[in-house]
Amino acid sequence: MLLRRTSTTLFSGHLLHTSSSQIAASRRTMSTLFSSVKEDHEEMYEYHDQYTRAREGGNVEAQAKWARQLTWEVARHAVAEEIVVYPLMEKHLGEKGKQLADHDREEHQAAKEHLHKLEGLHPGSAEFHSVITQMMKALHHHNDDEEINDLPLLEPAIGEEGSKDAARSFKRTKKLVPTRAHPSIPNKPPFETLLGLLEAPIDKIKDAFAAFPNEEEMGEAKDELKTRDHDAAAGRAAAGN
Ligand SMILES: [Fe+2]
Ligand SMILES: [Fe+2]
């Protein structure tokens, strides 16, 4: 798993009490892996509906925007599942898990091929619409498989805490994948373009994530952020400018 649990060495004395209770409270309300994955699937369907409405209204610009939102969401979701979810299935569900994960990766590959095609097409064109329609049809089937077969098997195997930890890893992984292409750097792989992201080997993406602070390292910064309140005017005055 990408993330480790918050280190107990981070806390001492009163801080231990406060932080532990905060962590316990947040754990109680935290999403499970199932709900996190399902939430993403719903997002895909929502963006696709928005795209369809824009198309029906003849608004090519809005169509292009929603299509872009959808394609990035599909790509980020696929990457996060390949990094977090499928390895857990392989680890905890034995041979069956390996088969399910291999099958899912094959279906992701098909989605990635659709995404590749879309990158070279104009959002207002009939061909673009046809590819998006095919991709969503395949994704509905794939997402349903995950919701009906994979995750109901995985959840009891990893337990409630394991599921919540996995959900945190999943969400964090998604955060580190861009939500859209950077317009000023059109051709700088691996993650600045959709194609770059799709073409980057999963191991390489994983390595790139290791270059960011992990949850344990982020813990202190997150706590401090709750009370930070920079007084710009006072800072200026103290600096004499
Ligand atoms: Fe998937
Ligand atoms: Fe999924």
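Rules used throughout
Residues numbered from 1 in each chain as written. Chains lettered and ligands numbered in written order. Predicted model: local features only at pLDDT ≥ 70, side-chain atom pairs only at ≥ 80, totals over all residues. Helix = DSSP H or I, 4+ residues; strand = E, 2+ residues; numbered from the N terminus. Buried ≥ 20, exposed ≤ 12 C-beta atoms within 10 Å, placed from the backbone. Contact = placed C-beta atoms within 7 Å. Axes fitted to C-alpha atoms, helices over the stretch in contact; angles between N-to-C directions. Parallel < 35°, antiparallel > 145°, perpendicular 65-115°, else oblique. Left-handed = near helix turned anticlockwise from the far one by under 90°. Nonpolar A, V, L, I, M, F, W, Y, C, P; charged D, E, K, R; others polar. Core = buried A, V, L, I, M, F, W, Y, C linked by C-beta atoms within 7 Å. pLDDT = per-residue confidence, 0-100. Expected span 1.5 Å × (residues − 1). Bend = angle between axes of the 7 residues up to and from the residue.

S.K.: Please clarify how the overall build of the protein chain should be interpreted in this entry.
M.R.: Looking only at helices and strands, one finds nine helices and zero strands in the protein chain. Start at the N end of the protein chain and walk to the C end: the helices and strands fall as α-α-α-α-α-α-α-α-α. Across the 241 residues that make up the protein chain, the buried fraction comes to 27%. For the protein chain, long-range pairs separated by at least 24 residues make up 70% of all intrachain contacts whose partners lie at least 6 apart in sequence.

S.K.: How should I be thinking about the packing of helix α3 (residues 60-92) against helix α4 (residues 94-119) in this particular structure?
M.R.: Geometry of a packed helix pair, given as the angle between the helix axes and the separation of the axes. Relative orientation of the contacting elements α3 and α4 amounts to 165°, with a least axis distance of 10 Å. Taken together, the axis directions place α3 and α4 in an arrangement best described as roughly antiparallel. When you trace α3 past α4, the crossing you get is left-handed. Residues Thr 71, Val 74, Ala 75, Ala 78, Glu 82, Tyr 86, Met 89, Glu 90 and His 92 of α3 form the contact with α4, whose own contacting residues are Gly 97, Lys 98, Leu 100, Ala 101, Asp 104, Arg 105, His 108, Ala 111, Lys 112, Leu 115 and Leu 118. Residue classes in the contact of α3 with α4 are distributed as ten nonpolar, four polar and six charged.

S.K.: Sorry if this is basic, but what is going on with the nonpolar core here?
M.R.: One finds Val 74, Ala 75 and Val 85 to be the most contacted residues of the largest nonpolar core, which totals 38 residues. Only α2 (33-56), α3, α4, α5 (126-176) and α6 (194-199) provide two or more residues apiece to this core. Residue contributions to this core peak at 14 residues, all from α3. Setting aside its immediate chain neighbours within four residues, Val 85 contacts Leu 33, Val 37 and Phe 170.

S.K.: Got a minute to help me understand the confidence of the model for the protein chain in this structure?
M.R.: Residues shown with low pLDDT carry predicted positions that ought not to be read at fine detail. Mean pLDDT over the protein chain: 80, with 74% of residues reaching 70 or higher. Long-range and interchain partners of residues 1-18, a stretch whose pLDDT sits below 50, account for 29 contacts in this model, where long-range means more than four residues apart. In this model, residues 182-190 is a region of pLDDT below 50 whose contacts with residues beyond four sequence positions or in other chains number eleven contacts.

S.K.: What am I meant to see in α3 here?
M.R.: An α-helix turns once per 3.6 residues; consequently, residues spaced three or four apart project the same way. Taking 1.5 Å as the rise per residue, α3 with 33 residues should run 48 Å; its terminal C-alpha atoms sit 46 Å apart, in good agreement. At Glu 81, α3 shows its maximal kink, close to 45°. Where α3 ends, the next residue or the one after it, Gly 94, has phi of about 60°, a positive value.

S.K.: Just to check I follow, could you spell out the packing of α2 against α3 for this structure?
M.R.: Across the interface, α2 lies against α3 with an axial gap of 8 Å and an inter-helix angle of 160°. The orientation of α2 with respect to α3, classified from their angle, is roughly antiparallel. Between α2 and α3 the crossing geometry is left-handed. Listed contacts from α3 to Leu 33, Val 37, Asp 40, Glu 43, Met 44, Tyr 47, His 48, Gln 50, Tyr 51, Ala 54 and Arg 55 of α2 are Ala 62, Gln 63, Trp 66, Ala 67, Gln 69, Leu 70, Glu 73, Val 74, His 77 and Val 85. When grouped by side-chain class, the residues that make up the contact of α2 with α3 number twelve nonpolar, five polar and four charged.

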